[in-house]
Amino acid sequence: MMNRIQKKSLAQEVAEALQYSIERGAFAINEKLPTEPELMQKFNVGRSTIREAIKYLAQSGFVKVQQGLGTFVISSNSNSALDDKIERADFADIFEVRQLIELKTVEKAASNRSPAQLDKMKKQLAKRQKYAQSGDTLNCIQADVDFHILVAESCGNAILDQLYKTMSVHVIKFFSNMYKDTSTFIESQDIHERLLKAIEDKDVPSATRIATKIIGKL
């Protein structure tokens, strides 16, 4: 059976163009990328496309977004070798690895999260709820994964954080095929709120227990 060819989104095309420039040395390490308006003009696309492209580059390990300062190049090499292996793997294997990483990041986040990180998680979870209630499936999936990425970022372990982001790129693809409406996300909003509360309270046992339940519902 021939594999179905997946059409690339506009954001993916922009991300790949920027990635190529970074790999070719057009941007040095720690150099700031052009602003959103500049990139919008360069690629003749909207703001949402640029933001999605930057998010893809960040998850692939090329750039880091610093709030209020801009987007900076942090590597000229991606996680391509790992990405290729994940791309060819069964989702059962991807899901198992994600489960293990998820539980560890939640455990550490409940101990290490900062007030600023907690505030970001709260805002992201509210965004997840908004998209779920409006029936916007694709944005709801992205908001859900972004919430868990913020949890990973607050765990205090840069390697765990990057591994989770690498896995999440592939999880988004799977969820986009798996979920055709937001009913599952509406049903699971409450348990995500409880996870956030446990992280806020720095209640490691409760956070880990709730995360296990969330994973079991996927």
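Here, the structure is the one placed above.
What counts and how
Residues numbered from 1 in each chain as written. Predicted model: local features only at pLDDT ≥ 70, side-chain atom pairs only at ≥ 80, totals over all residues. Heavy atoms only, no water. Axes fitted to C-alpha atoms, helices over the stretch in contact; angles between N-to-C directions. Helix = DSSP H or I, 4+ residues; strand = E, 2+ residues; numbered from the N terminus. Parallel < 35°, antiparallel > 145°, perpendicular 65-115°, else oblique. Left-handed = near helix turned anticlockwise from the far one by under 90°. Contact = heavy atoms within 4.5 Å. Nonpolar A, V, L, I, M, F, W, Y, C, P; charged D, E, K, R; others polar. Expected span 1.5 Å × (residues − 1). Buried < 20%, exposed > 50% of the residue type's maximum accessible area, 1.4 Å probe, protein only. Salt bridge = Lys/Arg side-chain N within 4 Å of Asp/Glu carboxyl O. Polar contact = N/O pair within 3.5 Å; in protein donor to acceptor, adjacent residues only side chain to side chain. Pairing = 2+ DSSP bridges. Core = buried A, V, L, I, M, F, W, Y, C linked by side-chain atoms within 4.5 Å.

**Q** Outline the packing of helix 3 (residues 47-59) against helix 7 (residues 137-153), supporting the account with residue identities and numerical values.
**A** Helix 7 packs onto helix 3 with a crossing angle of 40° between their chain directions and a minimal axis gap of 14 Å. Here helix 3 lies oblique to helix 7, going by the angle between them. Here helix 3 and helix 7 pass one another in a crossing that is left-handed. Contact residues: E52, K55 and Q59 in helix 3; Q142, D146 and I149 in helix 7. In terms of residue class, the contact of helix 3 with helix 7 is built from one nonpolar, two polar and three charged.

**Q** Break down helix 7 for me, citing the residues and quoting the values.
**A** In this model helix 7 runs 24 Å from its N-terminal to its C-terminal C-alpha over 17 residues, within 8% of the 24 Å that 1.5 Å per residue would give. The buried fraction of helix 7 is high, at 14 of 17 residues.

**Q** Tell me about the pattern of salt bridges, and name the residues and values.
**A** Taken as a whole and judged by the stated rule, the model has eleven salt bridges. Among the ionic pairs, D201 bridges to K197, the shortest N-O distance being 2.7 Å. On the basis of relative accessibility, which here comes to 43%, the residue K197 falls in the partly exposed class. Here the salt bridges share partners, and the residues they tie into one network are E36, R47 and R51.

**Q** Before we move on, can you summarise the environment of T105 with the specific residues and values?
**A** Among the structural elements, T105 can be located in helix 5 (residues 91-112). A relative accessible area of 1% means that T105 is categorised as buried. C-alpha of T105 to C-alpha of L160: the two residues are 55 residues apart in sequence and 7.0 Å apart in space. The residues touching T105, leaving out its near neighbours within four places in the chain, are V151, A152, C155 and L160. Here E102 takes part through its backbone oxygen, which lies 2.9 Å from a polar atom of the side chain of T105.

**Q** Tell me what's going on with the side chain of E102, and back it up with residues and numbers.
**A** Structurally, E102 can be placed in helix 5. Residue E102 is classed as buried on the basis of its relative accessible area, which comes to 4%. A distance of 2.7 Å separates the side chain of E102 from the side chain of H148, its partner in a polar contact. A polar contact of 2.8 Å, which involves the side chain of E102, links it to the side chain of Y164. Setting aside residues up to four positions removed in sequence, E102 forms contacts with H148, Y164 and I215.

**Q** Residue-level account of the pairing of strand 1 (residues 63-66), with values.
**A** Bridge analysis of strand 1 against strand 2 (residues 70-73) gives four bridges, and the strand direction is antiparallel. Looking across to strand 2, one finds that Q66 is bridged to G70. Connecting the antiparallel pair strand 1 and strand 2 is a turn made up of three residues, with G68 showing a positive phi of about 85°.

**Q** So what about the nonpolar core? Which residues, and what values?
**A** One finds I101, C140, I141, Y164, F175, Y179 and F185 to be the most contacted residues of the largest nonpolar core, which totals 19 residues. Listing elements by their share of this core, those giving two or more residues are helix 5, helix 6 (115-134), helix 7 and helix 8 (158-178). Dropping the residues within four chain positions of it, I101 is found in contact with L160, L163, Y164 and M167. L150, V151, L196 and I214 belong to the second largest nonpolar core, which has 18 residues in total.

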